[in-house]
Amino acid sequence: MSMDEKDLKKLAEEQSENIKIPDSLQPDQIQQMLESRGQKKRKYYYGKITAAAACGLLVIGAVAAGTGGFGFGTGTKSDHAEFQMIVDADSGAAAGSEEMLTESAADSAADSSGGSESGVAGEQDGAAGGQNGKESSVSGRSDRSDDPFEVTDIKTAKNYDEVFEYIEAENKRMQEMQRSTEEYAVMDDVDGGMAGGSAKMESAPTENEVSADTAGEAGGASGYSDTNVREEGVGEADIVKTDGKRLYIVNNQQIQIVGIEKEEMERLSTIRLDQECYVSEIFVKGDRLIAVYSQSEYRDQGDVSTGEYGGRYLQYAVAETFDISKPEKPKSVGKISQSGNYNTMRVSGDYVYLLSDFYAEIYSSRTDRDGYIPMVQGKRIESGDILMPMGARAEKYTIISAFSIKDPEKKVDTKAVFGSAGMCYVSRNNIYICESDYGDYGIMPLARPGGGSSGRSVSGTCIRKVSYKDGELTAVGQTEVDGTLNDSFSIDEYEGNLRLVVTVTPISSDNSSTPRLFGLTEEAAQEQELKDTNSLYILDENLEELSRIEGLAEDEVVYSARFMGDIGYFVTFRQMDPLFSVDLSDPKKPEILGKLKIPGFSEYLHPYGEGKLLGIGMDVDETGTATEGVKLSMFDITDPENVTEAEKYVLENTYSSDVFYDYKSALVDVEKNLIGFRVDGDVMRYVIFSYGKNGFECIFERELSGYAWNARALYSGSRLYLTAGNTVESYDMKSLQKIDDIVL
């Protein structure tokens, strides 16, 4: 599951704002408790959670903002971490169930313990599971066996009072949780300290990318590269754009327009926003530029006459459209504003779809509707446009607003998906909101009607489908499946069907109305022996289940996936890197074709021409205990039943890449044979590779400063442009010799 700096901040705020530390968890109280406990040794299962404190530690210092792009410096990586920890009470040692990819990825595999599949480099398993290429179908779904997943209609709210019932219930649940925490949070019979767990990082609802499919088409037809997008034919915003004549660059609170028609670049103009506005991304189409930014507003709610003071900060996501027909004088022609933090945006035809996440204030009173009803264009969303949750709990919204590029100040339609918010996948016709469910220990827990907990034995994902066409939004349906998605590449719509590959994580059966953040019952402690598995599901256009394959790659988790027509590929990892190939030609009978096991793992997969699949990830030694650098792999997928790693290239002294969590950051162009991305290590660099009969060749390398986390490479005509920080450099595409540079 991939996340960026913005999502880390959002997640940390979400986890910390509603929970106060009880007195029983203060350091002096814990010390007294530990001294009074016996010496009995016991292991505890913590469940799959995201810890606000741990997340906060990862966030500190992760976001580099400033000027200057090129020079010396090391890079940083920011994502959110989902922890699954087993703590030894005596030693305090932790054995992670997943590999940890952090700023120091060398630690990622170091904490791995046994239980993974053995294998050596190049080992090929043509038939997984030994039966005609099929894996085990064991799912661990003890609560629902093999029953089809439930599908329900999406109902709209009758009125605001119906919405408030969920807010009130969540308020009561949080109060009960605080009381329960004081009673149960202290671990029983523990005389050792907690140790670090393992984590798998993920990408963010600010979906940054530069797609190979789109970039190749743009390069061949129009002579310039476009953003690497998730879904071909659906436009996405990014921090740098070009129309072949100009570069449009996000630079802190400004948008710089740079002319590139001549060999010497020219500053044309600057779009300056208000001081409290922070630009996330931009999109350019024709003579229109859309700037998406966040804006905060303080609303005083005190009454001076009574001596009462107070107020609240309201957060908005704004899409402002500028006329750039005269690039020297861009002019604002309208904007759409809606509650919440910016999630992502998509463009289809002449319509823009803006998505934001709004976190309701669960301590709001019934009459304080600004606290729990989102707004669009300064007006509360009508209750009939609020799509109610599948379960019995909800506290967040994913707001979708559509408007026309031609008439950017007029909202066409709005829907507020009430539930838990989450990752968004947008196909050519539908928007899927994917809300993760880890039970009472999860970061975004759902629930079944009539109860305070989800009652799940494994993690799950609620999928909520909203169709779109010409700005009109229509609720289609919703379902909840077992397992959680790694990122948006783990879910894909094809010929009306939805294919997804998930990691299924066991959670405690003691998932009742009394949530326990830390210590669990004896039975729950025993359940820590349960292991992750992976599953593939195919759902029809109504989200009804067509087929499934379960029990894949026990004790491993999905790291990357790519669906390519009738064939799907996905990578799991613990110590070795199995690359699975799946035949999806018959949606009712998918079949595992093969499984290639090699050391390391691929975090990002991208088709690279006929019969080839590019992988970018980390190289790991055969023991799975040490990373050896960022790795490029080229897989030969000519025969999906016999996939091989044709070539690999390892960048030594590197530990991460922005591609791992931000697909827009990659320049992948098959026609021009370019593979570009930033790598972090002893120094931060931007590298460009080509691929040929001699394998990978690094044809360009540029050292970056620590402020160049936003590096992008793109081309127009015969020149390559590298933007980083507040600097732009141009190069000749053939010789890659520097032509010009400009400081913004």
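None of the values given here were measured: they were computed from a predicted structure.

How each quantity is defined
- Residues numbered from 1 in each chain as written.
- Predicted model: local features only at pLDDT ≥ 70, side-chain atom pairs only at ≥ 80, totals over all residues.
- Heavy atoms only, no water.
- Helix = DSSP H or I, 4+ residues; strand = E, 2+ residues; numbered from the N terminus.
- Buried < 20%, exposed > 50% of the residue type's maximum accessible area, 1.4 Å probe, protein only.
- Contact = heavy atoms within 4.5 Å.
- Areas by Shrake-Rupley, 256 points an atom, 1.4 Å probe, with all protein chains shown as cover.
- Polar contact = N/O pair within 3.5 Å; in protein donor to acceptor, adjacent residues only side chain to side chain.
- Disulfide = S-S within 2.5 Å.
- Pairing = 2+ DSSP bridges.
- Core = buried A, V, L, I, M, F, W, Y, C linked by side-chain atoms within 4.5 Å.
- Axes fitted to C-alpha atoms, helices over the stretch in contact; angles between N-to-C directions.
- pLDDT = per-residue confidence, 0-100.
- Salt bridge = Lys/Arg side-chain N within 4 Å of Asp/Glu carboxyl O.
- Patch = residues over 30% accessible without salt bridge, like charges linked within 9 Å, V, L, I, M, F, W, Y side chains within 5 Å.
- Lys, Arg positive; Asp, Glu negative; His and termini not counted.
- Charge placed at Lys NZ, Arg CZ, Asp CG, Glu CD.
- Phe/Tyr/Trp six-rings, centres within 6.5 Å; stacked < 30°, edge-to-face > 60°.
- Lys NZ or Arg CZ within 6 Å of the ring centre and 35° of its normal.

**Examining the overall build of the chain**
Thought 1: The number of helices and strands found in the chain is six helices and 47 strands.
Thought 2: Every one of the 744 residues in the chain was classed for burial, and the buried ones make up 61%.
Thought 3: If you take every contact in the chain between residues at least 6 apart in sequence, the share linking residues at least 24 apart comes to 64%.
Thought 4: A total accessible area of about 27,900 Å² is found for the chain, and carbon and sulfur atoms account for 45% of it.

**As for the side chain of D487**
Thought 1: Within the element layout of this structure, D487 appears in the loop between β26 (472-482) and β27 (491-494).
Thought 2: By relative accessible area, D487 is classed as buried at 7%.
Thought 3: Within the structure, D487 has its side chain in polar contact with the side chain of N486 (distance 3.2 Å).
Thought 4: A distance of 3.0 Å separates the side chain of D487 from the backbone nitrogen of F489, its partner in a polar contact.

**Topic: the state of the cysteines**
Here, the word disulfide means a covalent bond between the sulfur atoms of two cysteines.
Thought 1: Applying the stated rule across the entire model yields zero disulfides.
Thought 2: In this structure C424 is a free cysteine whose sulfur lies 7.5 Å from that of C434, the closest cysteine sulfur available.

**What about the pairing of strand β35 (residues 601-607)?**
Thought 1: Across the seven residues of β35, seven count as buried, placing the element largely inside the fold.
Thought 2: The hairpin formed by β35 and strand β36 (residues 612-620) contains four residues between the paired strands, and G609 there has a positive phi angle of roughly 85°.

**Quick notes on the nonpolar core**
Thought 1: Grouped together as the largest cluster of nonpolar side chains are 40 residues, with contacts concentrated most on I616, F635, I675 and F677.
Thought 2: Ranked by residue count, the leading element in this core is β36, at five residues.
Thought 3: Apart from residues lying up to four places away in sequence, F677 is in contact with I616, V630, L632, S657, D658, V659, S665, R685, Y686, V687 and F689.
Thought 4: With 32 residues, the next largest nonpolar core counts V240, I257, V318 and L714 among its residues.

**Focus: the sheet that holds strand β10 (residues 254-259)**
Thought 1: With antiparallel pairing, the four strands of this open sheet are ordered in space as β8-β9-β10-β11. Every other strand in the sheet has two partners, leaving β8 (240-242) and β11 (266-272) as the edge strands with one partner each. For this sheet the average axis-to-axis angle between neighbouring strands, irrespective of direction, equals 20°.
Thought 2: Two elements, strand β9 (residues 246-251) and β10, share six bridges in a ladder whose sense is antiparallel. Across the sheet, Y248 pairs through a bridge with I257, a residue of β10.

**Describing the confidence of the model for the chain**
Thought 1: With 67% of its residues at a pLDDT of 70 or more, the chain shows a mean pLDDT of 77.
Thought 2: Across the chain, element-level confidence peaks in strand β20 (residues 386-387) with a mean pLDDT of 98 and bottoms out in strand β1 (residues 43-45) with 28.
Thought 3: Low confidence marks residues 14-20, where pLDDT is under 50. Its contacts with residues over four positions away, or in another chain, come to 16 contacts.
Thought 4: Low confidence marks residues 441-453, where pLDDT is under 50. Its contacts with residues over four positions away, or in another chain, come to 60 contacts.

**As for the pattern of salt bridges**
Thought 1: Enumeration according to the criterion identifies 33 salt bridges in this entry.
Thought 2: The residue D370 makes a salt bridge to R380 at a minimum N-O spacing of 3.2 Å. Of the two residues, D370 is situated in the loop between β17 (351-359) and β18 (375-376) and R380 in strand β19 (residues 379-380); the sequence distance between them amounts to 10 residues.
Thought 3: Salt-bridge contacts for E645 lead to K631; the nearest nitrogen and oxygen are separated by 3.5 Å. In this pair, E645 sits in strand β38 (residues 644-651) while K631 sits in strand β37 (residues 627-636), placing the two residues 14 residues apart along the sequence.
Thought 4: What makes E645 partly exposed here is its relative accessible area of 23%.
Thought 5: Given the relative accessible area of 1%, K631 is considered buried.
Thought 6: Overlapping salt bridges, with partners in common, bring together R230, E231, D492 and R499 in one network.

**Some words on a negative patch on the surface**
Thought 1: On the surface, E263, E264, E266 and E328 cluster together into a negatively charged patch.
Thought 2: Residue position: E266 is located in strand β11.
Thought 3: Overall, the relative accessible area of 43% leaves E266 in the partly exposed class.

**Details of the sheet that holds strand β5 (residues 151-152)**
Thought 1: Ordered by their spatial adjacency, five strands build an open sheet running β5-β26-β25-β24-β23, and the pairing between neighbours is antiparallel. Two strands in the sheet have a free side with no partner beyond their single neighbour: β5 and β23 (423-426).
Thought 2: The pairing of β5 with β26 spans two bridges and is antiparallel. Bridging from a neighbouring strand, V151 pairs with T479 of β26.

**Notes on the environment of F700**
Thought 1: Relative to the assigned elements, F700 resides in strand β43 (residues 695-704).
Thought 2: The exposure class assigned to F700 is buried, which follows from its relative accessible area of 6%.
Thought 3: C-alpha separation for the pair F700 and G676, spaced 24 residues apart in sequence, amounts to 8.7 Å.
Thought 4: Other than its neighbours up to four places away in sequence, F700 contacts Y686, V687, I688, L722, Y731 and L736.

**Considering the pairing of strand β44 (residues 712-716)**
Two faces, one strand: in a regular strand the side chains alternate between the faces of the sheet.
Thought 1: Most of β44 is tucked away, with five of its five residues classed as buried.
Thought 2: Covered by surrounding structure in β44 are R712, L714 and S716 together with A713 and Y715, the residues of both alternating faces.
Thought 3: The pairing of β44 with strand β45 (residues 719-724) spans five bridges and is classified as antiparallel. Each bridged residue has a counterpart across the sheet, and for L714 the counterpart in β45 is Y721.
Thought 4: In textbook terms, the turn of a hairpin is the stretch between consecutive antiparallel strands, and for β44 and β45 this stretch comprises two residues, one of which, G717, has a positive phi near 65°.

**A few points about unusual backbone geometry**
Thought 1: Within the chain, N252 stands out as a residue other than glycine whose phi angle is a positive 60°.
Thought 2: Its location among the elements puts N252 in the loop between β9 and β10.
Thought 3: With a phi close to 60°, N673 is a non-glycine residue in the positive phi region.
Thought 4: Residue position: N673 is located in the loop between β40 (667-669) and β41 (674-681).
Thought 5: Among the residues examined, N673 registers a relative accessible area of 23% and is labelled partly exposed.

**Considerations on the packing of aromatic side chains**
Thought 1: Under the definition given, this model contains 18 aromatic pairs.
Thought 2: Aromatic pair Y559 and F573: ring centres 5.6 Å apart, planes at 70°, arrangement edge-to-face. Of the two residues, Y559 sits in strand β31 (residues 557-564) while F573 sits in strand β32 (residues 567-573), which places them 14 residues apart along the sequence.
Thought 3: A connected cluster of aromatic rings, assembled from ring pairs, spans Y166, F358, Y397 and F418.
Thought 4: Residue placement shows R548 over the ring face of F149; its charged tip is 4.6 Å from the ring centre.

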